[in-house]
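Given next are the chains, with one letter for each unit.
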Amino acid sequence: MYRNFKAIKAFVESGISACSVLVIGDVMLDKYYFGEVKRISPEAPVPITRVLEEKETLGGAANVAHNLALLGCKTYLAGVVGNDHHRDSLNRILDSKGVDYTGLICKNGPTTTKLRIIGGHQQMLRLDFEETAPIDSEIELKLKAYVDSLIDQKISSVIISDYAKGICTPTFCQYVIEKCSKNNVPVIIDPKGTNWQKYSGAAYITPNLKELNEAVHIHVPNNDDEIKKAASAMKRRLRIKNILVTRSEKGLSLIGNKRSVHIPTKAQEVFDVSGAGDTVIAVLGAALAGQLDPVDAAYLANLAAGVVVGKLGTYAINRNELIEALIREEDKL
């Protein structure tokens, strides 16, 4: 157990509500149709799914914001949406969670939406409504102005959630990183793709092992020494202060300038890893906003991920669940 366990618990119980976090990135709506399949269509050799239930949830950067809001943070969300009914659904859910989404810029084209059809317990089809072209200069200027306004309001931390849908261009990422660096606001990045140059100078980056492999262009075995070696090389090359690598069943590793730690997983049983990365970066961003020690912040993020992967489907952890997880750990002392 880490030495500042009492500080971690006090932060979650009371300090987290004083934190304000801005999430920037690719906002999505996840939509599900659940049904039953009993016959094949006479029109074509495809199963007929009788819809029994419909569900809409927040995805992508919006799911990161969802996690933060449930933890009790003051949460702001910036990105782009389309002028369509999916945007209306997204806004309605964000309203219900208390997320400030005045930073969402409306553009021509669809709101990024993933529609999944589930027959029984099996995903049968996914429909994607999206455009992945980089944002234009007009939208980028609006987003920069929004970031400036929140930095002036003394935001506590900024999370960039990159899903490669067009928001996180190199120029925009570098603008946010440089602006925050000048104002001593930590930037935490959930990366996508192999172009990590656009994240240069960030305080934290949180790849999973697969993403680290792709970025370094070599196979990195899932062991402590190799993870540290690969992450340290990327840190030096890109002037990134800390790299937190999520390692599935082996927990996570925090590779920093002065120290590196490897924290084993807290999951008792893994059902679904969907959204676990969003939870890790949300809890890490909140903890850093509350000025927790980076190792304690990583420990808390790992603990939260252990709760989330024990749930079915994309899941956002709330503060009470995190407190309960901390109490269980305290009981082991």
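Keep in mind it's a predicted model, so treat the numbers as computed, not measured.

A. Region of interest: the overall build of the chain. Of the regular secondary structure elements, the chain holds ten helices and 13 strands. Taking 20 Å as the expected radius of gyration for a compact globule of 333 residues, we find that the chain reaches 20 Å, a close match to that expectation. For the chain, the spread of C-alpha atoms along the principal axes amounts to about 65 × 50 × 45 Å. Among the 333 residues that make up the chain, the fraction classed as buried is 54%. Considering only intrachain contacts with a sequence separation of at least 6, the fraction spanning at least 24 residues in the chain is 68%. Accessible area for the chain stands at about 15,400 Å²; split by element, carbon and sulfur atoms hold 49% of it. Between the averaged position of the 41 positive side-chain charges in the chain and that of its 39 negative side-chain charges there is a distance of 5 Å.

B. Local environment of helix α10 (residues 319-331). Taking 1.5 Å per residue as the helical rise, α10 with its 13 residues ought to reach 18 Å, and the 18 Å between its terminal C-alpha atoms agrees with that figure. Looking at the packing, one finds that the buried side of α10 touches α1 (5-13), α2 (61-71) and α9 (294-308). The opening residue of α10 is N318, an N-cap whose side-chain oxygen sits 3.1 Å from the backbone nitrogen of N320.

C. Examining the sheet that holds strand β3 (residues 47-60) more closely. Taking strand neighbours across the sheet as the criterion, the four strands line up as β3-β2-β6-β7 in an open arrangement whose pairing is mixed. In this open sheet, the two strands that pair with only one neighbour each are β3 and β7 (122-129). Neighbouring strand axes in the sheet, compared pairwise and without regard to direction, differ in orientation by 20 degrees on average. In this structure, strand β2 (residues 27-40) lies alongside β3, joined through 13 bridges in antiparallel fashion. Residue pairing across strands places K31 opposite E56, the latter belonging to β3. Sitting on the sheet, α2 is in contact with β2 and β3, with an inclination near 65 degrees to β3.

D. Structural context of the sheet that holds strand β4 (residues 74-82). Within the open sheet, the nine strands sit side by side as β5-β4-β1-β8-β9-β10-β11-β12-β13. Their pairing is mixed. Across the chains shown, the open sheet's two edge strands, defined by having one partner strand only, are β5 (100-107) and β13 (260-263). Summarising the sheet, strand β11 (residues 242-246) and strand β12 (residues 252-255) pair through four bridges and their orientation is antiparallel. When the sheet's bridge partners are listed, V245 is paired in β12 with S253. Contacts from helix α4 (residues 137-152) reach β1 (20-25), β4, β5 and β8 (157-161), with the element oriented near 170 degrees to β5.

E. Examining the nonpolar core more closely. L68, L77, L90 and L300 are the most contacted members of the largest nonpolar core, which has 61 residues in total. In contact with L300, not counting residues within four places along its chain, are I8, F11, V12, V283, A287, L292, L322 and L326. Counting residues in hydrophobic clusters, the runner-up holds 44 residues, among them L150, A230, I240 and I243.

F. Highlighting α2. Across the eleven residues of α2, ten count as buried, placing the element largely inside the fold. Those residues of α2 not exposed but buried are A61, A62, N63, V64, A65, H66, N67, L68, A69 and L71. A positive phi of about 105 degrees marks G72, the residue just after α2.

G. Fine view of the packing of aromatic side chains. A full pass over the atoms with the stated rule returns one aromatic pair. Over the face of the ring belonging to Y76 we find K74, whose NZ or CZ atom lies 5.3 Å from the ring centre.

H. How the structure looks around the environment of N63. Mapping N63 onto the fold places it in helix α2. Judged by its relative accessible area of 2%, N63 is buried. C-alpha separation for the pair N63 and C180, spaced 117 residues apart in sequence, amounts to 23 Å.

I. Region of interest: the pairing of β8. With five of five residues buried, β8 is to be regarded as a mostly interior element. Burial along β8 is two-sided: the face carrying S157, I159 and S161 and the face carrying V158 and I160 are both buried. Across five bridges, β1 lies against β8 in parallel orientation. By the bridge assignment for β8, L22 is matched with V158. Of the strand pairs in this sheet, β8 and strand β9 (residues 187-190) are connected by four bridges, and their pairing is parallel. Each residue of the ladder has a partner; that of S161, found in β9, is D190. For the handedness criterion, the β-α-β arrangement of β8, helix α5 (residues 170-182) and β9 is classed as right-handed.

J. Just the side chain of K198, in detail. Take K198: it is sitting in the loop between β9 and β10 (204-205). Among the polar contacts made by the side chain of K198, one reaches the side chain of D162 at a distance of 2.9 Å. For K198, the residues in contact, after removing those within four places along its chain, are D162, C168, T169, P170, C173, Q174 and I177.

Reading the values: the criteria
- Residues numbered from 1 in each chain as written.
- Predicted model: local features only at pLDDT ≥ 70, side-chain atom pairs only at ≥ 80, totals over all residues.
- Heavy atoms only, no water.
- Helix = DSSP H or I, 4+ residues; strand = E, 2+ residues; numbered from the N terminus.
- Rg over C-alpha atoms; globule rule 2.2 N^0.38 Å.
- Buried < 20%, exposed > 50% of the residue type's maximum accessible area, 1.4 Å probe, protein only.
- Contact = heavy atoms within 4.5 Å.
- Areas by Shrake-Rupley, 256 points an atom, 1.4 Å probe, with all protein chains shown as cover.
- Lys, Arg positive; Asp, Glu negative; His and termini not counted.
- Charge placed at Lys NZ, Arg CZ, Asp CG, Glu CD.
- Expected span 1.5 Å × (residues − 1).
- Polar contact = N/O pair within 3.5 Å; in protein donor to acceptor, adjacent residues only side chain to side chain.
- Pairing = 2+ DSSP bridges.
- Axes fitted to C-alpha atoms, helices over the stretch in contact; angles between N-to-C directions.
- Core = buried A, V, L, I, M, F, W, Y, C linked by side-chain atoms within 4.5 Å.
- Phe/Tyr/Trp six-rings, centres within 6.5 Å; stacked < 30°, edge-to-face > 60°.
- Lys NZ or Arg CZ within 6 Å of the ring centre and 35° of its normal.
- Right-handed = clockwise from strand over helix to strand, strands pointing away.

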